[in-house]
Structure formats: C-alpha cells, structure tokens
Amino acid sequence: MFYDYLVIGLYFILILAIGVVFSRMASKSTSDYFRGGGRMLWWMVGSTAFMAQFSAVTFTGAAGKAFNDGFAICAVYIGNTFAFYCGYLYFAHRFRQMRVDTPTEAIKRRFGPGNELFFSWALIVFSFINAGVWLNALGVFTSAVFEADIFVTIIGIGLTVVFVSVLSGAWGVVASDFVQTLVVAVVSVATAIVALVLVDGPVNLVDNFPGGFLIGPNMNYPLILIGTFIFFLPKQIITMMNLHDSFRFLGAKDTINARKAALLATTLMGVGTIIWFIPPWAAASIYPDASADYAQLGNKAADAVYLVFAKNAMPIGTVGLLMAGLFAASMSSMDSALNKNAGIFVRSIYQPFLAKKNKQKDDKKLLRISQLVSLISGMGVIAVAFYFATLKELSLYELMMRVSTMVQLPMMVPLVVGIVVKKTPKWAPWVTIVLGLGVSWMVDNVITPDVFVSWFGVDSLTSREIVDMNIILTIAGHVFITSSFFWATSLFYNEAKDENKLETDRFFEDLVTPVIADDQQDEVDRQQRNKLGGMVLVMSAGIMLMALIPNPLWGRLLFVVCSLIIGLIGYLFKRSTKSNTTSSSI
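### Observations regarding the overall build of the protein chain
- Scanning the protein chain from N- to C-terminus turns up 24 helices and zero strands.
- In the protein chain, buried positions account for 61% of the 586 residues.
- Pairs at least 24 apart in sequence give 87% of the contacts found in the protein chain among residues at least 6 apart.
- Put simply, the protein chain shows about 22,500 Å² of open surface, and 66% of that area lies on carbon and sulfur atoms.

Structure follows, in structure tokens:
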C-alpha cells in the first residue's frame, strides 16, 4: 500500500496547488468568486458540468448496482447524457444568457424576490443533503481501502475540499474539475481495457454475466426495467436542466462556449456510461464473491467492487490512482455545492437584508463573507455525511435515488417548467413544491410498489423490483402530477396583480439574446490555458513516475501511455498561449 499512499499524497498536493494558483483570479470580485466573472472557456465549463454530475457514487454505489444487476445501471447515465444533449440544444446557452452571477438571482428575475428568498434557503439545505450523500459515499469507500474510521476519513476529505473552495472560489473549483476529469478518464479507460482483456472481450463479458447481462437477477418483470429507462429521461432533464443547476453554465464566456460546454459534457457522459461499468461487470464473473472482502460494510459491501478489481487485476499503484479519481469525483460535487451556496447566501439573503436596513458593503467585504459562508457550508456538509454514514441498511445507490427522486424532483419542477411557461402566479412555485413532497410521501407510504402492482393481479415483487418500481412511481408522479399542477397554475394568473411582470418580461427577452465576449477576454483565456497547462503537465510527470513502481512490463507501459496522453493535452494548452489565434479556437 506504500505506493498507493504516495500517489494519493501527491494528488492532494496537486489539488491544493490548484487552489493557490487560481486564488488571485478569484480575488477581484464576488462575480469572479461565484462564477469566474463569466469568462471561462468551454472545455473548463464542460468538464465542471460533467464532474458536477459525476460523483464518487459512480465508482461505489453505481458500481455495486452494475456488479449485482448488470446493464440496468446505465439507465441513470443514459438519462444524464440525454439531459446534457438537451442542454446543448436548448438550455445551456439560455442559462448563460440570463446574465446573473448566481442561480437564485435568476429565480428572482423569473419569479420575484419572495420566491428568491424561499428557494435560497430551500436550495442551501438541499445542497447540504446532496453533498453529504456524495461525501459519505467517498468516506465509505476510503475507509474500506485504508481500514480507517469512516468519520475521520470524512473529516479529512471534507476539510481538503473546503480549503480549495474557500481560497479560490469558482476558478479553483472549475480548474480542479478539469484536472480531475483527466484523472477519472485515465483510471476508467485503463481499468476498462484490463477488464476486457481478462474476460477475453466484450462478448464473453456479456455472456458470462451471472443472471443475464441485460435483465440481471431477481427481475421477474422486465417491463419494470424498461420503465426505469423511459422515466429516467425526463427525470434527469428536470434535475439537471433547471434554474438551480444553471450554475453549471453561468461561468461560460459567451453563448457559443456555453453550448460547446454542454456538448462536451454530453460526449464525456455518453462514452463514460459504458466505460465506467466494464470493471464491475467483469468482476461479476471473475470475482463473484468480491463483496465478501468488505463484509464490514453490511449492505454496502458490493459498493467496494471497483476497489476489489483494482487490487486484484491492476498494476501496483492503481488503487492509489483510483482513490485519486474518487476524491476527484466527490471533491468536484462538494466544492461546487460550497461555492454555489456562498453565492446564494450573499446575493439573495445577505445583500437584500442590508438593502432593507439601508446599509451597504463594498464588494471586497462581501467577498470575505462569501469565503466565510463556504467554510461554514463545508462544516454543514461534513455533519450531514456523518448522519448518512449511520444508515447501514441503505445501499449508496438506494440512498442517492431516494434523495434525488423524493426531494430533488419536486423542488426542481417549477425551476425547469418555469423556463417554458411564462404566466404563473407568484405562489405557484412553493405550492407546487408542497404538492410534490406530498406526491413523494404518497408513493412511499400509500401507493407503494406492492400496492400498485396488486391492482394488476401481481402478488409480490423481489427486493430489486420494489426499488425500481418505487423510482418509477415517484418519477411518474412528479412528471404527470407535479409538473401538470405547475402548468395549470397559469389559469390563475392575473397580469394586473403581477408585481414582477416587467422583470419577468426582461428575463425572457434576455433568454434569447446572445452573450458576446468583450475585448478583454483574450488575456483571461491566455491565463486559463497557461495555468491549467502547467498543472496538467505536472500531473503527467507524476503519472510517468508511476512507471518506476515495480510492476510487470505491461503495467509500467500502461502508466507511460496514460502519462503521454495527458502530457500532450498540457503541451497543447501551453503552446496555445503563444499563438495568435483567438481563445474560442480551443
């Protein structure tokens, strides 16, 4: 394990260095701190959009689902890919064209100041819950690797993320996301190739999967599986392409870069959907008792299958690189949440409060307050992760799905439908959320999967079918009932009583008005490519040094090839800073 510890230690140093390198770019104003001043290039924005959706759950809970059930897990990630593509077609550039620094400022423009305050508090609380799920997933995995106390692990990882987020704001968050995207790519592709070699190709991978690859075990009614594929498509659009999650694209330097960013995220998610799960699919036939190695994790034992594969099949040092990839995934999700919470609190809660008191603070002081809020938010996320760590009876996949379908969906329905439906009364958003939470409660307690299938003469379902049916029923309830209710509130709209009508009209005008970068953008582009190019070259050198670890020749060559690919990317970035081409060419 010495080499794995060394790899992880060097990775943490690199991430901390990114925070320091980009701290100056985030110290000019709150706009720079919250969204990079809206001057980020498409490949940075696209990678952070991708990483914000990609968390340690992919390598843990989702990998465990793939190990147990086969291809079914791809429903979630196909939904992600579809949502990002819809972002490319319709949402991403409109989000950038809202001309705001934080998501709740967009909510204010669309729904008025009352809803801005309501959503500010609601979204901050939800961010704590969501980031806590991600941090807990990483804590479970890391504590299993190093046989460390899970609570100590959560604290250590959480504090590292807090450091980067507090010091360098959106610039550090997005820059680290880009570097971390490369780490995830290296780990995923290398591990997938080795897995395919071990099972003698993709045909054997599918044929030898226990219980059937497409359907998987414990699934007597394949129609349920088809239902999950269908309903995950609208579900992921609602949870990814809404005013709250518009933060993914607010930092793009212009309309064109926002669309390119969504297309990059679509490509990364689409390719990754298959690559990520090849190792756990292979492990199902090569190491069928893999979960027994971590029986201490209880029902979450299968979530460590990726680790089992890396330890048994990959060169020495790969476990450390895998853990670096896991840190990358969770850090991305958590630091984005901290940075977003700071922006929401300062712009939509603190500043309006000062305005009511006829007080004002300059932007530099607000920047310091933003950093303090990021610190406090980090402590809150760590506390939530502690709580989730005590829920041993839930797998990480089930925990993620329950939070996403029961809590996130009803909150986001008004924030995505409201982009399309213009005339709604001011009470529509929060009443819709209350109704939506009621729908979630009904599915969980009254119209349960067993009750629903009994209407069709089905006596009982397997535990897997119950989980999937619960997801289908919850999503269907929000797609057909919650969304329809919000749409129907337009029948109660009274233009004469709409105090926010003028701002709403301006909001919808801005949505279709392109943003064009100014003359000062070229220098910012050069700094982005130069700083990130240097960081990528450093990472490439570190992976090249891994070729010195005592491994078989193929293992050493694997690290060399990965290093050269990453090094080429860093070299191209550095070289582009010396060219006379415009920043939009990269």
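Read on for the rest.
### Some thoughts on the pattern of salt bridges
- A full pass over the atoms with the stated rule returns eleven salt bridges.
- In this structure, aspartate 505 engages lysine 422 in a salt bridge whose closest nitrogen and oxygen atoms are separated by 3.0 Å. With aspartate 505 in helix H22 (residues 501–511) and lysine 422 in the loop between helix H18 (396–417) and helix H19 (428–445), this pair connects stretches of sequence that are 83 residues apart.
- For the salt bridge of aspartate 505 with lysine 501, the shortest nitrogen-to-oxygen distance reads 2.8 Å. One end of the pair, aspartate 505, and the other, lysine 501, are both in helix H22, four residues apart, so they sit about a helical turn from each other.
- Several salt bridges converge on common partners, so that one network encompasses Lys65, Asp69, Arg464 and Asp468.

### Some details on the packing of aromatic side chains
- Tallied over the full model, the rule gives 25 aromatic pairs.
- Taking the centre distance of 6.4 Å and the plane angle of 80 degrees together, the rings of tryptophan 121 and phenylalanine 345 count as edge-to-face. Note that tryptophan 121 is positioned in helix H8 (residues 113–146) and phenylalanine 345 in helix H16 (residues 318–356), a separation of 224 residues in sequence.
- According to the relative accessible area criterion, phenylalanine 345 is partly exposed, its value standing at 22%.
- Taken together through their ring pairs, the aromatic side chains of Phe50, Phe71, Tyr77, Phe209, Phe213, Phe229, Trp276, Phe277 and Trp281 make up a single cluster.
- Directly above the ring of tyrosine 90 sits arginine 94, whose terminal nitrogen or CZ lies 3.9 Å from the centroid.

### Quick look at helix H24 (residues 553–576)
- With 24 residues, H24 should cover 34 Å at 1.5 Å per step; its first-to-last C-alpha distance of 35 Å lies within 8% of that length.
- Every buried residue of H24 is accounted for by Gly555, Leu558, Phe559, Cys562, Ser563, Ile566, Gly567, Gly570, Phe573 and Ser576.

### Here's the deal with the environment of aspartate 289
- Residue placement: aspartate 289 occurs in the loop between helix H14 (278–286) and helix H15 (305–313).
- Judged by its relative accessible area of 60%, aspartate 289 falls in the exposed class.
- Each C-alpha atom of the pair aspartate 289 and valine 305 lies 9.5 Å from the other, and the pair is 16 residues apart in sequence.

### Description of unusual backbone geometry
- Positive phi is not limited to glycine here, since arginine 99 has a value of about 60 degrees.
- Relative to the assigned elements, arginine 99 resides in the loop between helix H6 (74–96) and helix H7 (103–111).
- Phi at aspartate 200 is positive, roughly 65 degrees, even though this residue is not glycine.
- Secondary-structure assignment places aspartate 200 in the loop between helix H9 (150–198) and helix H10 (202–207).
- Residue aspartate 200 is classed as exposed on the basis of its relative accessible area of 60%.

### Observations concerning the environment of alanine 389
- In this structure, alanine 389 sits in helix H17 (residues 363–389).
- Classification of alanine 389 by relative accessible area gives buried; the value is 4%.
- With 239 residues separating them along the chain, alanine 389 and isoleucine 150 place their C-alpha atoms 7.7 Å apart.

### Re the packing of H14 against H15
- At their nearest, the axes of H14 and H15 sit 9 Å apart, and the two run at 75 degrees to each other. Overall, the two elements H14 and H15 adopt an arrangement that is roughly perpendicular. When H14 is examined against H15, the residues Pro279, Pro280, Ala282 and Ala283 are found in contact with a partner set consisting of Val305, Tyr306 and Phe309.
- Here the contact of H14 with H15 is composed, by residue class, of seven nonpolar, no polar and no charged.

### A few points about helix H11 (residues 222–240)
- A rise of 1.5 Å per residue sets the reference length of H11, with its 19 residues, at 27 Å; its end C-alpha atoms lie 27 Å apart and thus fit the reference within 8%.
- Along H11, the sharpest change in direction is near 30 degrees and occurs at phenylalanine 232; proline proline 234 comes one to four residues later.
- Three or more residues of H11 are buried, namely Ile224, Leu225, Gly227, Thr228, Phe231, Phe232, Lys235, Gln236, Ile237, Ile238, Thr239 and Met240.

### Overview of a nonpolar patch on the surface
- A cluster of nonpolar side chains, namely Phe2, Tyr3, Leu6, Leu10, Ile13 and Ile316, defines an oily patch on the protein surface of about 590 Å² accessible area.
- Among the secondary structure elements, isoleucine 316 is positioned in the loop between H15 and H16.

### Examining the nonpolar core
- With 143 residues, the main nonpolar core has Met98, Leu243, Phe249, Trp276, Phe277 and Trp281 as its most contacted residues.
- At 14 residues, H9 tops the list of elements feeding residues into this core.
- If sequence neighbours within four positions are ignored, phenylalanine 249 has contacts with Val45, Ala49, Ala92, Phe95, Arg96, Met241, Ala258, Ala261 and Ala262.
- Judged by nonpolar contacts, the second largest core, of 16 residues, contains Leu135, Ile157, Val161 and Ile382.

### A short note on the environment of proline 429
- Within the secondary structure, proline 429 sits in helix H19.
- Taking C-alpha positions, proline 429 is 9.9 Å from proline 410, a pair spaced 19 residues apart along the chain.
- Contacts of proline 429, omitting those with residues within four sequence positions, involve Phe111, Asn115, Phe119, Pro414 and Phe486.

### A closer look at the side chain of threonine 432
- With respect to the secondary-structure elements, threonine 432 resides in helix H19.
- Classification of threonine 432 by relative accessible area gives buried; the value is 0%.
- Those residues in contact with threonine 432 that sit more than four places away from it in its chain are Val413, Pro414, Thr482, Phe485 and Phe486.

### A look at the packing of H19 against helix H21 (residues 463–488)
- Contact pair H19 / H21: the axes reach a minimum separation of 9 Å and the direction vectors enclose 155 degrees. As judged from the angle between their axes, H19 and H21 are roughly antiparallel. Relative to H21, H19 is oriented so that their crossing is right-handed. Of the residues in H21, those touching H19 at Ala428, Pro429, Val431, Thr432, Leu435, Gly436, Val439, Ser440, Val443 and Asp444 are Asn470, Leu473, Thr474, Gly477, His478, Ile481, Thr482, Phe485 and Phe486.
- Residues that form the contact of H19 with H21 fall into these classes: ten nonpolar, eight polar and one charged.

Procedures and definitions
- Residues numbered from 1 in each chain as written.
- Predicted model: local features only at pLDDT ≥ 70, side-chain atom pairs only at ≥ 80, totals over all residues.
- Heavy atoms only, no water.
- Helix = DSSP H or I, 4+ residues; strand = E, 2+ residues; numbered from the N terminus.
- Buried < 20%, exposed > 50% of the residue type's maximum accessible area, 1.4 Å probe, protein only.
- Contact = heavy atoms within 4.5 Å.
- Areas by Shrake-Rupley, 256 points an atom, 1.4 Å probe, with all protein chains shown as cover.
- Salt bridge = Lys/Arg side-chain N within 4 Å of Asp/Glu carboxyl O.
- Phe/Tyr/Trp six-rings, centres within 6.5 Å; stacked < 30°, edge-to-face > 60°.
- Lys NZ or Arg CZ within 6 Å of the ring centre and 35° of its normal.
- Expected span 1.5 Å × (residues − 1).
- Axes fitted to C-alpha atoms, helices over the stretch in contact; angles between N-to-C directions.
- Parallel < 35°, antiparallel > 145°, perpendicular 65-115°, else oblique.
- Nonpolar A, V, L, I, M, F, W, Y, C, P; charged D, E, K, R; others polar.
- Bend = angle between axes of the 7 residues up to and from the residue.
- Patch = residues over 30% accessible without salt bridge, like charges linked within 9 Å, V, L, I, M, F, W, Y side chains within 5 Å.
- Core = buried A, V, L, I, M, F, W, Y, C linked by side-chain atoms within 4.5 Å.
- Left-handed = near helix turned anticlockwise from the far one by under 90°.

Read these as geometric descriptors, not functional statements.
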